[in-house]
Amino acid sequence: MAIIPIYNCFHPVLKRKTAEVTEFDQELKDLAENMFETMYNTGNGVGLAANQVGVEKSLFVINVKRNKEDKIGDPIIFINPVITAFSEEEIEIEEGCLSIPEYWEKVVRPEGVEIEYTDLDMKLHKIEADEFLARVIQHEFDHLKGILFYERISPLKRAMAKSKLRKVQKGEIIPSYPMIQPDGSLTEGEPEDEN
Ligand code: ZN
C-alpha cells in the first residue's frame with residue numbers, strides 16, 4: 001500500500017470531469033487500496049475521489065464510521081456512481097475537503113440520496129443514504145464532475161472566504177499530508193503538533 005499526494009483544489013485536474021472506469025483489474029484494486037491508505041493518513045478524511053490523487057477515473061472511497069485512529073469501520077468503494085434520486089428536504093452541514101486545507105464551511109444540500117454504483121467485482125449496488133453519509137457521497141460525487149464544495153455556498157460566504165482560498169491557491173497553506181500544489185510542486189506535509 002502507498003500514500004499518494006493529494007492535489008490542491010486549484011490544480012486543473014480537480015476541475016475536469018472524470019472518465020468511466022472500464023477495466024476492473026488489479027490496477028484498480030491497488031488504486032482503491034491506496035486511496036483508503038491516503039485518506040486514513042490525513043487523520044480526519046472520510047471520503048476521497050480518484051481525481052484528488054490525480055487519477056481521472058470515476059470512483060471514490062468513503063469511510064464515515066471509523067474512529068480517528070482506527071482504520072476499521074465501513075469502507076465503501078463507489079465505482080461509476082450515479083445519483084438516481086435526491087430527497088426534497090435539504091439540510092445544512094459543515095464540509096471540509098482534503099484538497100482545500102484548513103477551510104470549512106456550511107453547505108445546504110439534499111438530506112438524502114439514492115445512488116447506484118459498481119464494486120471492484122463489477123457487481124451493481126443501489127443504496128439509500130441520508131444525513132452524514134449522504135453528505136459525503138454528494139461531496140465526492142461532485143468531485144467526479146469537477147465541482148468543489150465552495151462552489152455550492154452562497155456568494156456572500158464565498159466572498160468572505162476569498163482571502164483564505166487565495167492562500168490555498170498560492171500553496172501557502174501546507175497540510176499535514178503530501179500535497180501537489182497548483183503549480184505542480186509537491187509539499188511533503190508538516191508534522192502535526194504532538195500533544
Ligand atoms: Zn473534497
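Right above here is the structure, for reference.
Residues numbered from 1 in each chain as written. Predicted model: local features only at pLDDT ≥ 70, side-chain atom pairs only at ≥ 80, totals over all residues. Heavy atoms only, no water.

Caption draft 1: Expanded view of the overall build of the protein. Regarding its fold elements, the protein presents four helices and ten strands. Counting helices and strands in the order they occur from the N terminus, the protein gives β-α-β-β-β-β-β-β-β-α-α-α-β-β. Since a compact globule built from 195 residues should have a radius of gyration of about 16 Å, the 16 Å found for the protein is in line with a globular shape. Taken over the C-alpha atoms alone, the protein extends approximately 45 × 40 × 35 Å along its principal axes. Per-residue burial over the protein gives 47% buried out of 195 residues. (Helix = DSSP H or I, 4+ residues; strand = E, 2+ residues; numbered from the N terminus. Rg over C-alpha atoms; globule rule 2.2 N^0.38 Å. Buried < 20%, exposed > 50% of the residue type's maximum accessible area, 1.4 Å probe, protein only.)

Caption draft 2: Fine view of the coordination of the zinc ion. Within the protein, the zinc ion binds to Cys97 (SG), His139 (NE2) and His143 (NE2); these donor distances fall in the range 2.0 to 2.2 Å. When the donor residues of the zinc ion are listed from N- to C-terminus, their spacing reads C-x41-H-x3-H. With Cys97 in strand β5 (residues 90-97) and His143 in helix α2 (residues 131-144), this residue pair connects regions lying 46 residues apart in the sequence. Taking the relative accessible area as the measure of exposure, Cys97 reaches 10% and is therefore buried. (Donors = N, O, S within 2.8 Å, 3.2 Å for Na, K, Ca; no water.)

Caption draft 3: Structural context of the state of the cysteines. Scanning all chains against the criterion turns up zero disulfides. Of all cysteine sulfurs, the one in Cys97 lies closest to Cys9, which takes part in no disulfide; the gap is 6.8 Å. Of the residues examined, Cys9 reaches a relative accessible area of 1% and is grouped as buried. (Disulfide = S-S within 2.5 Å.)

Caption draft 4: Structural detail: a negative patch on the surface. On the surface, a cluster of negative charge is made up of Glu23, Glu27, Asp30 and Glu33. When you line up the elements, Asp30 lands in helix α1 (residues 26-41). The class for Asp30 is partly exposed, based on a relative accessible area of 36%. (Patch = residues over 30% accessible without salt bridge, like charges linked within 9 Å, V, L, I, M, F, W, Y side chains within 5 Å. Areas by Shrake-Rupley, 256 points an atom, 1.4 Å probe, with all protein chains shown as cover. Salt bridge = Lys/Arg side-chain N within 4 Å of Asp/Glu carboxyl O. Lys, Arg positive; Asp, Glu negative; His and termini not counted. Charge placed at Lys NZ, Arg CZ, Asp CG, Glu CD.)

Caption draft 5: Representation of the environment of Glu128 within the structure. Within the secondary structure layout, Glu128 lies in strand β8 (residues 124-130). Residue Glu128 is classed as exposed on the basis of its relative accessible area, which comes to 68%. Not counting residues within four places of it along the chain, the set of residues in contact with Glu128 comprises Val113 and Glu114. (Contact = heavy atoms within 4.5 Å.)

Caption draft 6: Quick peek at the pattern of salt bridges. One pass over the full model with this rule turns up ten salt bridges. Of the charged contacts in the structure, one is a salt bridge between Arg16 and Glu56, with a shortest N-O distance of 3.0 Å. Of this pair, Arg16 sits in the loop between β1 (6-7) and α1 while Glu56 sits in the loop between β2 (47-49) and β3 (59-62), and the two are 40 residues apart along the sequence. By relative accessible area, which is 31% here, Glu56 ends up partly exposed. In this structure, Lys157 and Glu105 form a salt bridge, with 3.8 Å as the shortest nitrogen-oxygen distance. Taken together, the residues span a long stretch of sequence, with Lys157 in helix α3 (residues 155-160) and Glu105 in strand β6 (residues 100-110) at a distance of 52 residues. Under the relative-accessibility criterion, Glu105 is labelled buried at 17%. By sharing partners, the salt bridges in this structure join Glu95, Arg109, Arg135, Asp142 and Arg152 into a single network.

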